[in-house]
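Summary of the model geometry
Okay, here's what each chain looks like letter by letter:
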Amino acid sequence: MMYIMQFSLLLTLIFFFSRVYAEDTIIQILIEKPDLINGANWKSYSTFMDQYTLKVNPKNSMDISSNVHVHFSFNPDEKPVYNNNNEYVWNVGYLMKQLQDSKYDMMVVDEKFLYSDVSVIKSDYVISSFNLSDYYNRHDDFSDFYVDLTDYIKKEELSHHDDNILSKSYLNDRLYALPFGIDFNLLYYYNNENSTKLDFEFNTWDDLVAMNLGNKDKDPLSVAFAEKDELLDLFVEYLESQNDQFYNNGQNYFDLLYSEESKKYYNSFKDFINKSSLKSINRTLETTFEDAYNSFITNKQSVIFNGKASQFNSFVQNNVTVTATLPPKHLDVINGKFLIINKNSKVKKEILIDVAQQLTSKEMELIRAERLGSIPTFNIQMNDKNYVKSYCQYNSEICSLLKKMKPINIKEIFKSSDSAPFMEVRFYLPENIKEFLIGEKNLKEFGSIISNIKYLIMDKPENKYYLIFGFYILTLVFSSLTVYIMYLIYKYRNNSNIKYLSPGFCNIIMLGFIMCMISPVINNNCKSAFQAKILFIYDMINTVSFFLPMFLITFRIYLIYSNKTKITFGNKLDNKHLYLFFSLVLASTVIYSIINTFVYRYYVISFSNIDNHRRAIYDYSNHKIVSWVCMIIYLTLIFSVIYMVTKIGSASKQYGEFKFAYIMIFALVAQYSLNFITKLLPLAPRETIVFANIYYIVTFIINSYALLGSRLIYVMKHPEEDEFSDRSPFTNDTTLFLPTTRKLNKQNKYKFNFQNSLIQSYNY
């Protein structure tokens, strides 16, 4: 009986595991919607892959080998990306939604999307356009949605990929994507049997449209100008071909792109577009991919068609007698395709990684080349490799073109230390190119757009003097003036006109004012997460430095004047104890600030966009909470000071304690209004920023004067009136700074003496 039970259990386990592993796993992969030329090939390839079985045996896993099928699909509602931006936002937004869902396990994306949101200075455009509220509070960039493959795949296993293509798979030395294929631009033309193949290695784009291959009644060139990427690619290829210094120059691309010499090429590009078609410039720029294709293939109204290398096999299979050549100077924007794994997939990560490796293997790339006409990611120069020989044997023409091509990495052209992310460039620049071509933007305005990609607004070369005089010199002058006031306070610290307000604390307040005046300059140079953390600590210190001392001085005077304390407690109100309390609060603030920088995410983000200007400020993930807490503390201190000086009554007006309330309110308003003003920039943003900075600095210099300015002037004008002078309205005896009787009503009902308390408390 026992043996029967054991045998039954064994059969049950076998049946269970056979059911589990007999079921094939289906991997859903999202791809870009194929163009009208390659649509049929993609359908055939997708059907083939549905029936193709991948044997998966994940590494470092106890799972038994299982069968996997992959299913490629695209969004049928995906729209061509035209230059009005709506389609671009919709398509990228759809992709972002899928990355946050589990419907698709993997995605094939092009390099213009991959890591295109990454930049040192984050983009408010990315958040606002794709409704990613508080996105940077939780993520560094979109790669947080991708599975990190670094610890699962060794670099040696990817040796069949071209190094330049493979390098684009990495972000900060971490592998988040695998090369899936490449594509690049080709010029297709009809070739007679007796004619020589065209090669534009030594020609420019201007030469190409000028020759028109002897067909004056046709459009020299058919390009999908209405589509964002096509126009941007052509713009870059044109500029590169115009000046040999552009390609592999060893310099910053932007220095060439933004130079005065480059501006003449912008105008020549406009002339080139006009000459590329017999239609008007407006109609030319409305040409879609389908229009361009039909003009060349169906209507034969164009001499040359600007297409893709991946379309070459489709032309051959459809018996279209065309020949392909590289763009002028052989300069070509290359566009890699990459496979990423969705971190939110429900399929086991080990299975997905194994499948991803198989799909990007050299064997599978050769299958795609045969069935789909896609271009593999091999280094074609490595002729000794069997997989290269195999590809070139059946694709000799594409191989030949790859060997001659000078690839352009378009993202590198628009990359600098402070540049906007390429996603923002891809969104705005093509539309601005179009507006420049049809005359809606002049050369100066278009040049400013290019400049905005690289520079923050106050770093632009044309704003150099605004920065020097509106920030640096202004801050230096007024900070120096405040330092001089600090010197005078120290010099006359024992004078009866100064001493009652605790000169030591007054100088701490002045130091806080100086830190506030310097803050805009530091903010303007804050361009990294580390600098943002330092600036947060700095801002917390300078705020405590001028708010807390004003409260402490007022609190001491209030307690003594209102007789809220006895002599024993009054001894605790001397400067020694107040300095100790201030130091403890300041040290606690610094410790909290440092802890906050380790616990929460800090980043620098630019407001507005390259279409207008870019203005960077730092932010952090718990900013809203900290702001509300700080605001409550500040308002509590302000209302407490107002309450105390009100209770003190006429003496507070006579001796100036009311000024603390004014100063604290004006300082708080100045701090919050500076960012508010610069976020609401009008058409002349640099002037507004400088005006806001002047307003901010002048507010604090006025506060510096309001604190002790009039008393210092009086002391300097009446040096003969020392602390023992009978002519002085004040006396050296601090016990007489405030009246020895408190009038609560006309009958003087309440009298008290607090001479001993004052003697103990007012010692510098």
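Because the structure is predicted, anything quoted here is derived from the model rather than measured. Each residue is numbered by its place in its chain's sequence as written, counting from 1. Selection of residues for local features in this predicted model requires a pLDDT of at least 70, selection of side-chain atom pairs for listing and counting requires 80 or more, and totals for whole chains, interfaces and linings are taken over all residues. Water and hydrogen atoms were dropped before computing side-chain values, which therefore reflect all heavy atoms in the structure.

This brings us to helix α8 (residues 228–242). Since the α-helix turns once every 3.6 residues, residues separated by three or four places project in the same direction. The numbering of helices and of strands both runs from the N terminus, where a helix is a DSSP run of H or I of at least 4 residues and a strand a run of E of at least 2. To estimate the expected span of a helix, subtract one from its residue number and multiply by 1.5 Å. Over its 15 residues, α8 runs 22 Å from end to end, which matches the ideal 21 Å to within 8%, given 1.5 Å per residue. Relative accessibility decides the category of a residue: with a 1.4 Å probe and only protein chains considered, values under 20% of the type maximum give buried, values over 50% give exposed, and everything between is partly exposed. Among the 15 residues of α8, 14 are classified as buried, and the element is accordingly described as predominantly covered.

DSSP-based pairing: two strands are paired if at least 2 bridges between them are found. Taken together, 3 strands build an open sheet; the order of strands is β5-β14-β15 and the sheet is mixed. The open sheet has two edge strands with one neighbour each: β5 (121–123) and β15 (615–620). Strand-to-strand twist in this sheet, taken as the mean axis angle between neighbours without regard to direction, amounts to 45°. Bridging between strand β14 (residues 602–607) and β15 involves 6 bridges; their strand directions are antiparallel. Counted as the bridge partner of Phe607 is Arg615 from β15. Here, axes are lines fitted to C-alpha atoms. For helices the fit covers the stretch in contact, and angles between N-to-C directions go from 0 to 180 degrees.

The next point concerns the state of the cysteines. Here, a disulfide means two cysteine sulfur atoms that sit within 2.5 Å of each other. Tallying each qualifying case throughout the model produces 1 disulfide. Two residues, Cys392 and Cys399, share a disulfide whose sulfurs are 1.9 Å apart. The sign of the S-S torsion, about -75°, decides the handedness of the disulfide formed by Cys392 and Cys399: left-handed. A single burial state applies to Cys392 and to Cys399, both of which are buried.

To continue, consider a nonpolar patch on the surface. Nonpolar side chains collect at one region of the surface, where Ile591, Ile594, Ile595, Phe598, Val599 and Tyr600 lie side by side and expose about 620 Å² of accessible area between them. Mapped onto the elements, Ile594 comes out in helix α26 (residues 575–599). Residue Ile594 is classed as partly exposed on the basis of its relative accessible area of 35%. Each patch is assembled from residues with relative accessible area greater than 30% and no salt bridge, linking like charges that lie within 9 Å and nonpolar side chains (Val, Leu, Ile, Met, Phe, Trp, Tyr) that lie within 5 Å. Throughout, the Shrake-Rupley method with a 1.4 Å probe supplies accessible areas, and for residues the shown protein chains are the sole cover considered. Any Lys or Arg side-chain nitrogen found within 4 Å of a carboxyl oxygen on Asp or Glu counts as a salt bridge.

Further remarks concern the packing of aromatic side chains. Aromatic ring pairs: the centre-centre distance and the angle between the two ring planes describe each pair. Stacked, tilted and edge-to-face are the three classes assigned to paired rings of Phe, Tyr and Trp, where Trp is represented by its six-membered ring and a pair needs centres within 6.5 Å; plane angles under 30 degrees give stacked, over 60 edge-to-face, the rest tilted. In total, this model carries 40 aromatic pairs according to the counting rule given. Ring centres of Phe269 and Phe272 lie 6.1 Å apart, and the angle between their planes is 40°; on these two criteria the pair is classed as tilted. Pair noted here: Phe269 and Phe272 are both in helix α10 (residues 260–275), with a separation of 3 residues, about one helical turn. Take Phe272: its relative accessible area is 0%, and that puts it in the buried class.

It is worth stressing that arrangement in space is one thing and function is another; only the former is reported here.
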